[in-house]
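Residue strings, one per chain:
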Amino acid sequence: MSSTGIDVGGSPPNNSQKSSDQEKGVSSSSLNQASHDERKKGPSSLPSISGSQEEDNIMRRQLKSRHIQLIGIGGTIGTALYVQIGRGLLQGGPASLFLAFTIWCSFILAVTLCMAEMVTYLPISSPFIRLAGRYVDEAFGFACGWNFFIFEAALVPFEIVACNVILHYWKGSEIWYGEVEFWAALGKVLLIIALLVFTVVVMLGGNPTGDRFGFRYWNDPGAFAELYHTGDLGRFLGFLQCLIQASFTISGPDYVSMAAGEAENPRVVMPRAYNAVFYRLTTFFMLGSLAVGILVPYTDDEMKVAFSTGAPGAAASPYVIAMNRLKIRVLPDIVNAMVLTAAFSAGNSYVYCASRSLYGMALEGKAPKVFTKVTAKGVPLYAVLVVLGISLLSFLQVSNDAAVVLQWFVNLVTASQLINFSSMCATYLRFYYGMKAQGFKRDDLPYKAMLQPYAAWYGLVGTFIMTFVGGYTVFLPGKWDVPTFLFSYTMIAVCPILYLGYKFVKKTKVYRSDEIDLVKNVDEIEEYQRTYVPSPPKNAFDRALDWMFG
C-alpha cells in the first residue's frame, strides 16, 4: 500500500476506544465493506510509493487542534488584510468593499465544505494535491500540485516585500513550528480584534479631535466609487475590483488541509478546525472591510499617494492612516510593528505549506524524490530550503518600486489561488460522484458536508470565472502593461501546459466514476484512529488552550 507520508505508529493500542469508531472515523458498516470490495478493482495506473515507511521519509502527527486552527488563521491573515485592503477601498468605495468581501466569503464556504469532507475522510499529507491525482487524473494532480507550490512559494517574497513597504513607515521541529505559528497567529487575531474595537470607539467620538463621525464617509464622498468610467458602469467596475481584492485576501481551507498529515487525531480534529477557521476568518474579513470603509474616505490623499507613488509609508495600513488623520500618537507605531510581525508570521505559514506541497508531490513521484527526505524531527529539509531560495525574488524591489513589485506578486498569486480553489471543487465533485457510483454511503463518512454537490458546483463556477477576471484592466483602453499581464495570466497558461505535458509523457487518463480509488491509504488512517491514545495536557495552561481551541 502507498505510504501516507506520515507516521501512523508509536501509540499503544487502546481497546476501550475501539467502540467509538463512529466518532473518530468511518463506521464499520457499508464503508468498510465497500473498501474491501473496491480495493480489488482500483485503477492500476495509480503510482505507488514503497510501503516500507523508511525512517527518513516519515512525518509525525504532533499538531493539536489549536495548532491547526491557528495555522489556518495565521496563513490567511497577513499584510493583505492591513495593507492591500486599502487599494480596494480606493477603487471601489466602502460599500463595494464590504459587499465584495461578504460575497466572496460564500465562495470560501463552498470550498471549505468540499475540503472538509474529503480531507477528514483521508487526512494524508498534501491531501488535495494528491487526491486530485487519485480522483480526477494523475496529470491533473501534477498540474494542481505545481500550481499550489508556485502559489505558496510566491507568497513568501510577497510578504518580504510587504515588510519592506511597512518598514518605510519609520524610515528617516514540527511541534516547534506549530507552537511558533500558534502564538504568532494568536497575536494577529488579537490585533484585528483590537482594531475593530478601535473603530467602534473612534467612530463614536472617542478620539483626540472629539469627532463623532460614524458612517459619515459612506455619505461624503459616498458608498460607491467610480473606477475607469462614470455612472453605473464605473461603480460596477469599482465593485469588481474589490471582488478581485477579496479573492486574493480571503482563503483558509487550503492552509488547514496542508496540516492534515501532521494532525493529531485528524478525523476528530479536522472538522472542528475547518469550521472554526471559516467562521472566525469570515468575521474578521467582513468586519475588517467594514471598519476600513468607516475609518478612511476613499478620496484620502495620503492613501492615494501611497498606492500611486510608493513613497515612504506608501503601503502603510489604512488603520495607521486613520490614526494619523485623528491625530492619535504612538498607537500608529505600535500597530505598524504588529502588522510587520503579521507579515513574518504569514511568511512562516507559506514556507510551511509550500514545502509540504513539494514533499507531497515527491511522495507521488511528481517531484524529485530528494524532497521526500525529512529530518529526525519530521521536517522536509530540502523542500524548505528550496522555498527559502525562492524568497530571493523579493530582491526585485531593488530595481523597481516596492509597491509595484507588491502588486506583481498579488496578480501572480491571485490567479494561482483561484485555480487552486477551482481544482479543489472539481476534485470533490469526482469524489462525490465516485462515492455514489461505487455504493459508498456519505452518511458513514466521519464528516458529511451540507449542500453538496451544489456547493461544489457553486464554488467551481465562481472561482473559475474569477480566475480570468483578475487582470481584465490591462485590456481597457490605455491600460496595457506587460508585467501586469504576465503576472495575471501566466499561471492560467502554465497549468494546461503542465497538465497536457504530463498526460502526454505518462499516458494518463481521466478516471470514470467507477474507477476512482477511494480506499487507498484508508486502512492506515483507520489503524491510526483505532490505536490513537490522546496525550494529556502538560499543565493547566495547556489544558485551558486545548479547551478554548478544542
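In the nomenclature of an unreviewed UniProt entry, the chain corresponds to Amino acid permease-domain-containing protein from the organism Apiosordaria backusii. Listed under Subcellular location (unreviewed entry) in UniProt, the entry text for the chain is "Membrane".

**Quick notes on unusual backbone geometry**
With omega at 15°, the peptide bond leading from D220 into P221 counts as cis. Residue placement: P221 occurs in the loop between α8 (216-219) and α9 (231-249). Cis geometry is found at the peptide bond from Q452 to P453, where omega equals 5°. Structurally, the position occupied by P453 is in the loop between α16 (402-437) and α17 (454-469). Of note in the backbone geometry, N265 takes a positive phi value of approximately 50° without being a glycine. You can see N265 is positioned in the loop between α10 (253-258) and α11 (266-295). Phi angles above zero are rare outside glycine, and L451 is one such case at about 60°. Along the chain, the position of L451 falls in the loop between α16 and α17.

**Regarding the nonpolar core**
Formed by 136 residues in total, the largest nonpolar core has its most connected members in I68, Y82, W104, Y121, Y135 and F431. Counting residues per element, this core draws most heavily on helix α4 (residues 79-121), which supplies 22 residues.

**Some remarks on helix α15 (residues 381-390)**
Taken residue by residue, α15 has A383, V384 and V387 as its buried positions. On an axial view of α15, the arc spanned by its buried residues comes to 100°, and they lie on one face.

**Digging into the environment of D514**
On the secondary structure map, D514 appears in the loop between α18 (482-506) and α19 (522-531). C-alpha of D514 to C-alpha of A437: the two residues are 77 residues apart in sequence and 5.7 Å apart in space.

**A closer look at helix α5 (residues 127-135)**
α5 sits mainly inside the fold: nine of its nine residues count as buried. Turning to α5, its buried residues are P127, F128, I129, R130, L131, A132, G133, R134 and Y135.

**Things to note about the confidence of the model for the chain**
Low pLDDT means the predicted atomic positions in that stretch should not be read closely. Considering every residue of the chain, the mean pLDDT works out to 76; 74% of them sit at 70 or more. Taken element by element, the chain is modelled with least confidence in helix α1 (residues 21-24), mean pLDDT 40, and with most confidence in α17, mean pLDDT 93. When the criterion is pLDDT under 50, residues 396-400 qualifies, and its contacts beyond four places in sequence or with other chains add up to nine contacts.

**Quick word on the packing of aromatic side chains**
One pass over the full model with this rule turns up 19 aromatic pairs. Seen from their ring centres, F475 and F485 are 6.2 Å apart, and the 85° between their planes marks the pair as edge-to-face. One end of the pair, F475, is in the loop between α17 and α18; the other, F485, is in helix α18, and 10 residues separate them in sequence. Exposure remark for F485: the relative accessible area of 27% places this residue in the partly exposed category. Here the aromatic cluster, defined as three or more aromatic residues joined through ring pairs, consists of Y121, Y135, Y428, F431, Y432 and Y433.

**A word on the pattern of salt bridges**
For the structure on display, the rule yields 12 salt bridges. Of the charged contacts, one joins E138 and K366 as a salt bridge, the two residues approaching to 2.5 Å between their closest N and O atoms. Just as E138 is buried, K366 falls in that class too. We note a salt bridge from K509 to E515, for which the minimum N-O separation is 2.7 Å. Among the charged side chains, a salt-bridge network with shared partners connects K509, R512, D514 and E515.

**Quick notes on the environment of E527**
Mapped onto the elements, E527 comes out in helix α19. The class for E527 is partly exposed, based on a relative accessible area of 38%.

What counts and how
- Residues numbered from 1 in each chain as written.
- Predicted model: local features only at pLDDT ≥ 70, side-chain atom pairs only at ≥ 80, totals over all residues.
- Heavy atoms only, no water.
- UniProt positions renumbered as here; feature names shortened; annotations may be inferred.
- Helix = DSSP H or I, 4+ residues; strand = E, 2+ residues; numbered from the N terminus.
- Core = buried A, V, L, I, M, F, W, Y, C linked by side-chain atoms within 4.5 Å.
- Buried < 20%, exposed > 50% of the residue type's maximum accessible area, 1.4 Å probe, protein only.
- Arc of directions from axis to C-beta.
- pLDDT = per-residue confidence, 0-100.
- Contact = heavy atoms within 4.5 Å.
- Phe/Tyr/Trp six-rings, centres within 6.5 Å; stacked < 30°, edge-to-face > 60°.
- Salt bridge = Lys/Arg side-chain N within 4 Å of Asp/Glu carboxyl O.

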